[in-house]
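Read off the chains here:
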Amino acid sequence: MLEIIVLPLLTMVTCKETRAAIIALHKNGFTGKDIVATKIAPKSTIYRFIKNFKERGSILVKEASGRPRKSSKHQDRLLKRIQLRDRSATSAELAQEWQQAGVSASASTGRRRLLEDGLVSRREANKPLLSKKKKNIRDRLIFCRNYSEWTAEDWGKVIFSDEAPFRLFGASGKRLVRRRKGERYHQSCVMPTVKHPDTIHVWGCFSSKGVGSLTILPKNTAMNKEWYQNTLQQQLLPTIQQQFGEEQCIFQHDGAPCHKAKVITKWLGDQNVEILGPWPGNSPYLNTIENLWSILKRRVDKQKPTNSDKLQEVIMKEWVAISQDLAQKLIESMPSRIAEVLKKKGQHCKY
């Protein structure tokens, strides 16, 4: 008799149905021990359901105590739509518009509702402006389609390069620090600032074989084609020789005016240096050296250099400390970057 009744019930999966099945067996005269033997639910659960049924005479779960919600599901969806319409709206502004729709709730209640929906306040992501004519998007897609079949091994033959600025007292922007109440102005929680901080510009390159040359531009040096050709002569060619020897490699640089000068293109051709591209404009997340700059700037910031000479010293020291393993991982991410840009149809992506 027990087997005939229980077998169909063993397919029950929800808590509500399991509770009903247990009470049904109990009403039919089965003991708690008999019901436990069916393994329809844990022993403690079975006895709890039977106890609650005896006390209340019902299988319904007692409603939890507490203050009722101030908003309905429909009103919560309305708040979500308001937030998505203007993602920069403050909690107070959202609460005001919500109240105008007939919901009597505070800004903190609004924040909780949005948090339940996964809408959390975060800093805006900084990404390059895409041209209104969508030229950047089109060029980016063309580039990615051309190189979509490249493997990590193919990208391992590429030398990436770029220029980057380093600024005293916070090259990588504001830091987040953990502090106790009253420690806002503690020395360890303060980032020094000056009105006109010294800025140092550098040029560097790297490949899957590790970091290459890094050079610091002298003050008041214009980043023109003459400077660039000299940099390539003094920094790029030695890096190619050191990392690749007689192996064929490909050089990447972006579309900066001094990079695209005819004299530079001709000079690179004369040196038998193959150029990757054409490189799409405003596509820093395709250039893995941008990630390297971010890492380097964070490391330099931690050293807290206090003058220009110290800043230069720290930059050079931290650059050579970058491991070949890190460089290789960045290069190996290129196939994923290409796939992500194609997936996003040329729009901004996570890199």
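Relevant structure appears above.
Report on the accompanying structure. (Residues numbered from 1 in each chain as written. Predicted model: local features only at pLDDT ≥ 70, side-chain atom pairs only at ≥ 80, totals over all residues. Heavy atoms only, no water.)

Quick notes on the side chain of Gln243
With respect to the helices, strands and loops of the structure, Gln243 is situated in helix α10 (residues 225-244). Only 2.5 Å separates the side chain of Gln243 from the side chain of Ser207, close enough to count as a polar contact. At a separation of 3.3 Å, a polar atom in the side chain of Gln243 contacts the main-chain carbonyl oxygen of Val211. Leaving out residues up to four positions away in the same chain, Gln243 has contacts with Ser207, Lys209, Gly210, Val211 and Gly212. (Helix = DSSP H or I, 4+ residues; strand = E, 2+ residues; numbered from the N terminus. Polar contact = N/O pair within 3.5 Å; in protein donor to acceptor, adjacent residues only side chain to side chain. Contact = heavy atoms within 4.5 Å.)

Examining the packing of helix α6 (residues 91-100) against helix α7 (residues 107-116)
At a minimum axis separation of 8 Å, α6 and α7 run at an interaxial angle of 95 degrees. Considered as vectors, α6 and α7 are oriented roughly perpendicular to each other. Across the interface between the two elements, Ser91, Ala92, Leu94, Ala95 and Trp98 of α6 pack against Ala107, Thr109, Gly110, Arg111, Arg113 and Leu114 of α7. Grouping the constituent residues of the contact of α6 with α7 by class yields six nonpolar, three polar and two charged. (Axes fitted to C-alpha atoms, helices over the stretch in contact; angles between N-to-C directions. Parallel < 35°, antiparallel > 145°, perpendicular 65-115°, else oblique. Nonpolar A, V, L, I, M, F, W, Y, C, P; charged D, E, K, R; others polar.)

Considerations on the pattern of salt bridges
One side chain can pair with another of opposite charge once the charged atoms of both are near each other. Counted according to the given criterion, the structure contains nine salt bridges. Close ionic contact of Arg113 with Asp76 constitutes a salt bridge, the shortest N to O distance being 3.5 Å. Within this pair, whereas Arg113 is found in helix α7, its partner Asp76 is found in helix α5 (residues 73-85), the two being separated by 37 residues in sequence. Given the relative accessible area of 16%, Asp76 is considered buried. Across the pair Arg113 and Glu116 runs a salt bridge, and its minimum N-O distance is 3.8 Å. Taken together, the residues Arg113 and Glu116, both in helix α7 and three residues apart, mark about one turn of the helix. Relative accessible area serves as the criterion here: at 10%, Arg113 is assigned to the buried category. A relative accessible area of 53% places Glu116 in the exposed class. (Salt bridge = Lys/Arg side-chain N within 4 Å of Asp/Glu carboxyl O. Buried < 20%, exposed > 50% of the residue type's maximum accessible area, 1.4 Å probe, protein only.)

Re the sheet that holds strand β2 (residues 199-207)
Read from one edge to the other, the open sheet built from five strands follows the order β3-β2-β1-β4-β5, with strand pairing classed as mixed. Edge positions in the sheet fall to β3 (210-216) and β5 (274-275), since each has one partner strand and no second. (Pairing = 2+ DSSP bridges.)

What about a positive patch on the surface?
Together, Arg67, Lys70, Arg111 and Arg112 make up a region of like positive charge exposed at the surface. If you trace the backbone, Arg111 turns up in helix α7. (Patch = residues over 30% accessible without salt bridge, like charges linked within 9 Å, V, L, I, M, F, W, Y side chains within 5 Å. Areas by Shrake-Rupley, 256 points an atom, 1.4 Å probe, with all protein chains shown as cover. Lys, Arg positive; Asp, Glu negative; His and termini not counted. Charge placed at Lys NZ, Arg CZ, Asp CG, Glu CD.)

Structural notes on the pairing of β2
Counting buried positions along β2 yields seven of nine residues, so the element is predominantly enclosed. Two elements, strand β1 (residues 158-167) and β2, share eight bridges in a ladder whose sense is antiparallel. The residue bridging Ser161 from the neighbouring strand is Cys205, located in β2. Where β2 meets β3, five bridges bridge the pair, whose relative direction is antiparallel.

Regarding the nonpolar core
Counting residues in hydrophobic clusters, the biggest one holds 38 residues, and the most contacted among them are Phe143, Trp155, Phe160, Phe206, Leu292, Trp293 and Ile315. Going through the elements one at a time, α8 (135-146), β1, β2, β3, α13 (289-303), α14 (308-320), α15 (324-332) and α16 (334-343) are the ones with two or more residues in this core. Here Phe160 is in contact with Trp155, Gly204, Cys205, Phe206, Gln252, Trp279, Leu286, Asn287, Thr288, Ile289, Ile331 and Met334, once residues within four sequence places are set aside. If you look at the next biggest cluster of nonpolar residues, it comprises 18 residues, including Trp227, Leu232, Cys258 and Trp267. (Core = buried A, V, L, I, M, F, W, Y, C linked by side-chain atoms within 4.5 Å.)

Some remarks on α5
With 13 residues, α5 should reach 18 Å at 1.5 Å per residue; the first-to-last C-alpha distance of 18 Å fits that figure. Within α5, the full set of buried residues consists of Asp76, Leu79, Ile82 and Gln83. One face of α5 carries all of its buried residues, which in axial projection span an arc of 115 degrees. Counted as exposed and oriented over 90 degrees from the buried face of α5: Lys73 and Arg85. Here the buried face of α5 lies against α6 and α7. (Expected span 1.5 Å × (residues − 1). Arc of directions from axis to C-beta.)

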